[in-house]
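Overview (structure and organization)
Residue strings, one per chain:
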Number of protein chains: 6
Amino acid sequence: MIHILFFIFALLFTSSTNAAVNDFCVANLNKADGPSGYPCITPTKVTADHFAFSGLGVAGNTTNIIKAAVTPSFVAQFPAVNGLGLSSARLDLAPGGVIPMHTHPAASEILFVVKGRIKAGFISSSANTVYVKTLKRGDVMVFPQGLLHFQINAGKYSALAVVSFNSPNPGLQILDFALFGNNLASTLVEQTTFLDDAQVKKLKGILGGTG
Amino acid sequence: MIHILFFIFALLFTSSTNAAVNDFCVANLNKADGPSGYPCITPTKVTADHFAFSGLGVAGNTTNIIKAAVTPSFVAQFPAVNGLGLSSARLDLAPGGVIPMHTHPAASEILFVVKGRIKAGFISSSANTVYVKTLKRGDVMVFPQGLLHFQINAGKYSALAVVSFNSPNPGLQILDFALFGNNLASTLVEQTTFLDDAQVKKLKGILGGTG
Amino acid sequence: MIHILFFIFALLFTSSTNAAVNDFCVANLNKADGPSGYPCITPTKVTADHFAFSGLGVAGNTTNIIKAAVTPSFVAQFPAVNGLGLSSARLDLAPGGVIPMHTHPAASEILFVVKGRIKAGFISSSANTVYVKTLKRGDVMVFPQGLLHFQINAGKYSALAVVSFNSPNPGLQILDFALFGNNLASTLVEQTTFLDDAQVKKLKGILGGTG
Amino acid sequence: MIHILFFIFALLFTSSTNAAVNDFCVANLNKADGPSGYPCITPTKVTADHFAFSGLGVAGNTTNIIKAAVTPSFVAQFPAVNGLGLSSARLDLAPGGVIPMHTHPAASEILFVVKGRIKAGFISSSANTVYVKTLKRGDVMVFPQGLLHFQINAGKYSALAVVSFNSPNPGLQILDFALFGNNLASTLVEQTTFLDDAQVKKLKGILGGTG
Amino acid sequence: MIHILFFIFALLFTSSTNAAVNDFCVANLNKADGPSGYPCITPTKVTADHFAFSGLGVAGNTTNIIKAAVTPSFVAQFPAVNGLGLSSARLDLAPGGVIPMHTHPAASEILFVVKGRIKAGFISSSANTVYVKTLKRGDVMVFPQGLLHFQINAGKYSALAVVSFNSPNPGLQILDFALFGNNLASTLVEQTTFLDDAQVKKLKGILGGTG
Amino acid sequence: MIHILFFIFALLFTSSTNAAVNDFCVANLNKADGPSGYPCITPTKVTADHFAFSGLGVAGNTTNIIKAAVTPSFVAQFPAVNGLGLSSARLDLAPGGVIPMHTHPAASEILFVVKGRIKAGFISSSANTVYVKTLKRGDVMVFPQGLLHFQINAGKYSALAVVSFNSPNPGLQILDFALFGNNLASTLVEQTTFLDDAQVKKLKGILGGTG
């Protein structure tokens, strides 16, 4: 009898809160994004599988010019992070590998070295002070939001790091692609960066930019 | 001559912004905390060493009853995360190890399995639905803010995970310590949890609680 | 003539701002929730009735095992609170009544005693310090976000309190239901809480849990 | 032996988190305020008494021209709400009592009628639509942030309401005091409100304004 | 060959991030607003034209009773500001022109004088202190969120200012319209403001209010 | 008698709120910054002069290599913006003038052309799409937070713009200074940007960088 009474209480209470589950808001990527994220899929359609993601378990392909790869688990890959203020990515750096100079417009980043040695640094906006550290396995480094930063393999073997951001969609602006990988006119690039035309044309050629 | 002119421009510009560097705000732990974090140490005293932390590189001591250890790099250990909206921790689980049922009152959590197999799960607040996954190396799982969750070593060997939070100070409320590890009167524990007195007394004995 | 000129001015001005009324955003509960709340119903369909709610005027039914009832006016009951950062609830405690140990994952809570005597407390996450107060009519108590807390009728007569939260959807995780009211396997409960199997089975029986 | 091991684990864990308790941040009102609130008093000096406040249990003095009184429990009166995003106040309205037209610049408000009948309303900013409701005991009404609103005793007996805000310091701008209770020059008041000089002078006389 | 490799890398990387562009979220004004703004139009449909707005380049019509005009570029006029935390407006004041007493419920404001002389001021909520300054060309003034403020042409010639707000939709509550430009019953206005009935009736007549 | 009663009421009410004025928080620049801004100067020491700033009324000196100048009114220059979520700056561009490629790590920007013609643009982070507009007097353009952008004088005469940010301290990272104006080793610059050594050395020479 007691347990029936408790159960009835449970029904009385929970029924009034079921309507709006907002512990999480798994992104409905078929709907339009909004300033705070995507609309949620129906809570009753959410399963445990939504909350786990395997994509960071596969080494990225580092046979490319930068000998590195970034594998993201942002909201587009991992819809469950929608509205939860977090996302992650995996960085693979082969020997000599480089994650080129870049920023995350919308988030700070914390990096954990899983394997190898990584030289990483960022540049502050005021006084342009440089902060560079050589990190070993188990080291953590933090990169404040929006600042230019980079990671380089500082060892003889491949390196692996996992990074987290305080946004489901931190953004990523790789400097070289922003300057040389689009159709921004060479003259504009030169006027706004003081780079030589030969330099600009050369990198546009490599990166597929036009103009 | 050109470079002198540029340099003068640089002086003219940067001097007006040096006064208030706020790319980061390395915590002055000698001062009082505030609702948004600690006051900053003087920017000119900040070095690259502030932005890296080695403490997560040392395996925690798992020779204890839960056969697990949590090593945090919250603001108290890693002052540079102050105001940057992120922090991390290292989870070591020996075979049979358990991170007991707990919550982070102020943050969501994202977990990356570095090694081993981990069974992890959380309980939603509405309808108390359980979401449990067995994770392998490279898997990521996200735990929404404030909900009860746990991690268990699901393999035969030791497991290692690194977790990140979207707060420099996510908080940690371990259920057993909250209920049995303090001086909350046994009668109050029993009234508010319906646990039996014998159970409460037993766990208070183990966990050092009184009352 | 003057008033006509003023009126024309009014038209000129207001017409350009009517398009996007965002003083409030009464929830359209027929649409999907999002990380910041529900989409708004059309402003022209909003009436004064939307901004008031009577549900907290009816005593909840306390003839149950905990001799208490919680009547919420969260966004699901009171759509006008959507996006306004607030919600409320009514707590009725019969003599001997208890609101069991619980958390609100997403909000802090402020409680006002309307009638009777209530013993209320919370447990901090660090050091698990217990803060308990016996409150009388007119007393206010605040419970920080995400921490375990409870309320108990400390008098001989029924007690009534009204609580407010700094979220339209604060969430509610009742400890007993989270542990014993679902299908979380008993072995998992025991591994993560160190509770005895007999205790777990007993409470699962009462609360309708399985596994 | 087991309990000793558990206790040691507890020590190992908690010691690293004690340094920065941030479940709450009881205001140190002797220090300067900041954009997010006051610095915290030392956590070890915080007791249960900090989290409760009795001031709302005393009826305010309504023998004045508006036959009403507001008794706040903002951060200045109730330092524990600092950083917790909430505060409250008590409204007493004698028969014929009025809380005059006012705004809270920084917060939304939710009102609960404890006793009596209250006519309350607010004016939206776009189209200046008026939303007025007559509330009875147990009714709740929400007032969006920053909008002009008022409460009037609509019954024959005294009325009592308790209000909560989603800020520890919601602010309060009473229209009459803003216009007539200071040294804002009468000509300026008239230029910016189109009120007649006689009206302005009269109310300045009553409210103690000059100029 | 090198550039092909780089290009392939670019494809590998960018393809995974294209799905969710959230640098910006140009408002889809055909969809319902939400607490954080409008849903975004499809990113691929966004052009440079979305990010510029010409409407503030046209002088507002100041041949009206207040000899002033406000031309907004809020989200309704300039959808690109959706989710970006900013908006602007243009203020034209003919000689003798006045922007009457008003508030922005949801935002602070910063004003830049382009031409002329402007006397501007606001009233604080506590102690109702008045802060008034006469501004000349090039001067900047800031008005804290939610407080009553005004601008008056203090010179002999027309004045022009541009203002910015830290919200895409700051709201605007003009005092006179809130009190006299709607159907708020005269008795209610008088009860809540202590204005004389003759004054209220007069201004309702001018402003088109009823009741 | 009436006015005395009202005045007494005023005293009763306002005295309880004077303790914590938080309409504004004029920065005490002599104290340490914190994550949400500076501590406030004592409210009673605040005057109207604090809320206005004249510095943007003086043309910046454009006789330099970029033929442009930026004059900020961030919190360091204009302490009253502390905690108010806004700041501004003045851009002067002589014929041929350029504000070089830069980002604001912490804020979005809105620009108003006061005089002249300005070609302005930004680069999105995903797909690196370029958005460039030529703006004339009265035009407004918005630049999302954290993205690379620039302004160029597109006319024959000097141009003037005023910009606002949704932060008291938006930060400013000028690309050339970040890469070439500090002691970041040339090899690191080259590794992370693929720029040629000759190019790097040349710009380091001009900008005063070493390494």
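Presented here is a report on the structure given in the accompanying data block. All values derive from a computational prediction rather than experimental measurement.

Right, let's talk about the state of the cysteines for a bit. Residues and elements named next belong to chain E. One pass over the structure, following the stated rule, counts six disulfides over all chains. A sulfur-sulfur separation of 2.0 Å characterises the disulfide bridge that pairs C25 with C40. In this structure, the disulfide formed by C25 and C40 twists by about -100° around the S-S bond and is classed as left-handed. Linking C25 in the loop between helix 1 (2-18) and strand 1 (52-53) with C40 in the loop between helix 1 and strand 1, this pair joins segments that are 15 residues apart in sequence. On the basis of relative accessibility, which here comes to 5%, the residue C25 falls in the buried class.

Another aspect to go through is the interface of chain A and chain B. Contacts between the two partners involve 52 residues from chain A, matched on the other side by 52 residues from chain B. When the two sides are added together, the surface that chain A and chain B hide from each other amounts to roughly 4,100 Å², 68% of it contributed by carbon and sulfur. When the buried surface of chain A facing chain B is broken down by residue, D23, L86 and Y131 of chain A rank first, second and third, together holding 14% of it. In this structure, the connection of chain A to chain B is made through two salt bridges. The tally of links from chain A across to chain B stands at 17 residue pairs in polar contact (both at pLDDT 80 or more). Among the elements of the structure, helix 1 (2-18), strand 1 (52-53), strand 3 (87-93), strand 5 (109-115), strand 7 (130-135), strand 8 (140-143) and strand 10 (159-165) of chain A are those that each provide at least two residues to the side of chain A that touches chain B. Residue composition of the side of chain A that touches chain B, grouped by class: 30 nonpolar, 15 polar and seven charged.

Our next topic: the sheet that holds strand 11 (residues 173-174) of chain B. Residue and element names in this part refer to chain B. Sheet architecture is open: five strands sit in the order 7-6-9-4-11, paired in antiparallel fashion. The outermost strands of the open sheet, each flanked by one partner alone, are strand 7 (130-135) and strand 11. Pairing of strand 4 (residues 98-103) with strand 9 (residues 149-153), which is carried by three bridges, proceeds in the antiparallel orientation. When the sheet's bridge partners are listed, V98 is paired in strand 9 with I152.

A word on the relation of the copies chain A and chain B. Least-squares fitting of chain A to chain B yields an RMSD of 0.0 Å, with the transformation described by 0.0 Å of translation along the axis and a rotation of 180°. Such a turn and shift between the copies fits a two-fold axis. The position closest to the rotation axis in chain A is occupied by the C-alpha of N166 of chain A, lying 2.6 Å away.

Attention now moves to the interface of chain F and chain E. Counting from both sides, the interface comprises 52 residues of chain F and, opposite them, 52 residues of chain E. Between chain F and chain E, roughly 4,100 Å² of surface is buried when both sides are summed, and carbon and sulfur atoms account for 68% of that area. Together, D23, L86 and Y131 of chain F form the three largest contributors to the area buried by chain F at its contact with chain E, with a combined 14%. Two residues, D49 of chain E and K133 of chain F, come together in a salt bridge whose shortest N-O distance is 2.7 Å. Put simply, chain F and chain E have 17 residue pairs in polar contact (both at pLDDT 80 or more) between them. Every element with two or more residues in the side of chain F that touches chain E is listed here: helix 1 (2-18), strand 1 (52-53), strand 3 (87-93), strand 5 (109-115), strand 7 (130-135), strand 8 (140-143) and strand 10 (159-165) of chain F. Class assignment of the residues belonging to the side of chain F that touches chain E gives a composition of 30 nonpolar, 15 polar and seven charged. Here two bridges tie strand 8 (residues 140-143) of chain E to strand 1 of chain F, and the two strands are oriented antiparallel to one another. Note that in strand 1 of chain F the partner of V140 of chain E across the bridge is F53 of chain F.

When chain F is fitted to chain E, the best match, at an RMSD of 0.0 Å, comes from turning it 180° and sliding it 0.0 Å along the axis. Taken together, the interface assignments show that 100% of the residues at the interface of chain F recur at the interface of chain E, consistent with an identical surface on both copies.

Mapping T193 of chain D onto the fold places it in helix 3 (residues 186-193). T193 of chain D sits 59 residues away from T134 of chain D along the chain, and the two C-alpha atoms are 29 Å apart. Setting aside its immediate chain neighbours within four residues, T193 of chain D contacts L179 of chain D together with M101, L175, D176 and L203 of chain E. A polar atom in the side chain of T193 of chain D sits 2.6 Å from the backbone oxygen of V189 of chain D.

Definitions and limits used
- Residues numbered from 1 in each chain as written.
- Chains lettered and ligands numbered in written order.
- Predicted model: local features only at pLDDT ≥ 70, side-chain atom pairs only at ≥ 80, totals over all residues.
- Heavy atoms only, no water.
- Disulfide = S-S within 2.5 Å.
- Helix = DSSP H or I, 4+ residues; strand = E, 2+ residues; numbered from the N terminus.
- Buried < 20%, exposed > 50% of the residue type's maximum accessible area, 1.4 Å probe, protein only.
- Contact = heavy atoms within 4.5 Å.
- Buried area = accessible area lost by both parts, 1.4 Å probe.
- Salt bridge = Lys/Arg side-chain N within 4 Å of Asp/Glu carboxyl O.
- Polar contact = N/O pair within 3.5 Å; in protein donor to acceptor, adjacent residues only side chain to side chain.
- Nonpolar A, V, L, I, M, F, W, Y, C, P; charged D, E, K, R; others polar.
- Pairing = 2+ DSSP bridges.
- Least-squares fit on C-alpha atoms with pLDDT ≥ 70 in both.

Interpretation in functional terms is not warranted from these geometric data alone.
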